[in-house]
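# Structure assessment
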Amino acid sequence: MDKVIDIEERIPTLREKRRKRTNFKFIFLLVLFLATLFLLLYFQSPYSEIKKVEVIGAGLVESDVYEKQSNLQTGDSMWGFKINDIEDSIRDYHWVKDVTVKRKWLTTVQISIQEWEKVAYISLDNELYPMLENGDVLKEVSSLEPIDAPLFLEFEDEKLRKKLLTELAKLDPTVLSLISQINSTPSSSDPYAITLYMNDGYEVRAEVNTLAEKLDYYPSIVAQIESVGSNEKGIIDIEVGSYYRSYLDEYAQFDFNIDESGEAVIEEQEVMDDEETTSE
């Protein structure tokens, strides 16, 4: 036989459930009210405005360039812009590899820039311009500072120039810092031949397509040359194999004279056979 529960016995339980439900609704409405009030006060306060635009990673151009491109100004709303729009606008610069924009703390917008690396300079119209690892020439900035990367000369072929920049970007930074100047020296047999003049006095003859692969061994090659007691600088050829020849041996067929201005003048030696010498 089923037990019959008196309704009067359930009244305290029902009252307790009703009280808890009422308390929950009251707390929810109170939290909602306070949150709305906080948001209203926040958007009316100076804490909702941009107080600082922080640019990190600017090196090729001044930070002001990126700040201006973002169209963000102090006093603007922290929530009045779309992050993707700012990032897309800054990526329009061809020297920008990547960019990240984020809201930081309450009143700061941080713009983090990743630029393409500067790996060389090129002379155009009597001005020196940085060349980037993506192959572009940064014509927006001319160099008035000491050269801290290799100088390109005689590189009219843009395709060849971009290929070389790609190879330079692969080099160990220590090896890259040893290069002073790079000349394009093509021949009928090798249109990709180049000559590198190193800061330590050596001359390297190489081929663009294999430059990064072979030039990273440059320090060990020089160490081997100097380990055998050779104090003479010379030419290191890594076009096909790898061999060294001193300047004295390379230019033995030339006479070196100093003219009145103090510059070296190279003259070919006149070679006469024994019969001509005897007849005189």
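The model shown is predicted, which means the values in this text are computed figures rather than measured ones. (Residues numbered from 1 in each chain as written. Predicted model: local features only at pLDDT ≥ 70, side-chain atom pairs only at ≥ 80, totals over all residues. Heavy atoms only, no water.)

## A short note on a nonpolar patch on the surface
The cut-off we apply is this: Candidate patch residues must exceed 30% relative accessible area and have no salt bridge, after which like charges are joined if within 9 Å and Val, Leu, Ile, Met, Phe, Trp or Tyr side chains if within 5 Å. Reported accessibility uses the Shrake-Rupley method at a 1.4 Å probe radius. Residues are deemed covered only where the shown protein chains occlude them. When a carboxyl oxygen of Asp or Glu lies within 4 Å of a side-chain nitrogen of Lys or Arg, that pair is called a salt bridge. Secondary structure elements are defined from DSSP: runs of H or I of at least 4 residues count as helices, runs of E of at least 2 residues count as strands, and each element is numbered from the N terminus.
A cluster of nonpolar side chains, Phe26, Ile27, Leu30, Val31, Phe33, Leu34, Leu37 and Leu41, forms an exposed patch at the surface whose accessible area comes to about 800 Å². By secondary structure assignment, the location of Val31 is in helix H1 (residues 7-44).

## Some words on the sheet that holds strand E9 (residues 203-207)
Sheet strands pair via backbone hydrogen bonds, and the direction of the pair is either parallel or antiparallel. Spelled out, the test is: Here, strands pair whenever DSSP counts at least two bridges between them. Fitted lines through C-alpha atoms serve as axes, helices being fitted only where they are in contact, and the angles separating the N-to-C directions of these axes extend from 0 to 180 degrees. Contacts are residue-level and defined by heavy atoms, with any inter-residue pair within 4.5 Å sufficient.
With mixed pairing, 8 strands are arranged side by side in an open sheet as E5-E4-E6-E7-E8-E9-E10-E11. A single partner strand is all that each edge strand has here, and the edge strands are strand E5 (127-132) and strand E11 (243-246). In this sheet, neighbouring strand axes are inclined to one another by 25° on average, regardless of whether the strands run parallel or antiparallel. Looking at chain direction, strand E7 (residues 179-184) and strand E8 (residues 193-198) are connected through 5 bridges and run antiparallel. By the bridge assignment for E8, Ile179 is matched with Met198. Those strands touched by helix H4 (residues 158-170) are strand E4 (118-124), E5, strand E6 (151-153), E7 and E8, and its axis lies near 150° from that of E4.

## Looking at the side chain of Thr108
Mapped onto the elements of the fold, Thr108 is located in strand E3 (residues 108-115). For Thr108, the contacting residues outside a window of four places in its chain are Lys52, Glu54, Met78, Lys102 and Arg103.

## Thoughts on the pattern of salt bridges
Close approach of charged atoms lets side chains of opposite charge pair. For clarity, the threshold we go by: Burial here depends on accessible area, computed with a 1.4 Å probe over protein chains only, as a share of the maximum for the residue type. Under 20% is buried, over 50% is exposed, and the range in between is partly exposed.
Evaluated as defined, the whole model comprises 8 salt bridges. The partner of Arg91 in a salt bridge is Asp98, and the shortest N-O contact between them spans 3.3 Å. A residue is classified by how much of its surface remains accessible, and Arg91, at 35% relative accessible area, is partly exposed. In this structure, a network of salt bridges that share partners links the residues Asp88, Arg91 and Asp98.

## Side note on a positive patch on the surface
Which entries qualify depends on this criterion: Lys and Arg are tallied as positive, Asp and Glu as negative. Neither His nor the chain termini are counted. Charged groups are reduced to one reference atom each: NZ for lysine, CZ for arginine, CG for aspartic acid, CD for glutamic acid.
A cluster of basic side chains, namely Arg15, Lys17, Arg18, Arg21 and Lys25, defines a positive patch on the protein surface. Within the secondary structure layout, Lys17 lies in helix H1. Judged by relative accessible area, Lys17 falls into the exposed class, the value being 52%.

## Structural notes on the packing of helix H2 (residues 63-70) against helix H3 (residues 83-90)
Let me state the cut-off plainly: Any angle that falls under 35 degrees is termed roughly parallel, while one over 145 is termed roughly antiparallel, one within 65 to 115 roughly perpendicular, and all others oblique. Crossing chirality is assigned from the near helix's rotation relative to the far helix, an anticlockwise turn below a right angle marking it left-handed and a clockwise turn marking it right-handed. Note on residue categories: nonpolar means Ala, Val, Leu, Ile, Met, Phe, Trp, Tyr, Cys or Pro, charged means Asp, Glu, Lys or Arg, and polar means any other residue, Gly included.
The interhelical angle for the contact between H2 and H3, taken along N-to-C directions, is 130°, at an axis separation of 9 Å. Comparing the axis directions of H2 and H3 gives the class oblique. Crossing handedness for the pair H2 and H3: right-handed. Residues Tyr66, Gln69 and Ser70 of H2 pack against Ile86, Ser89 and Ile90 of H3. When grouped by side-chain class, the residues that make up the contact of H2 with H3 number 3 nonpolar, 3 polar and no charged.

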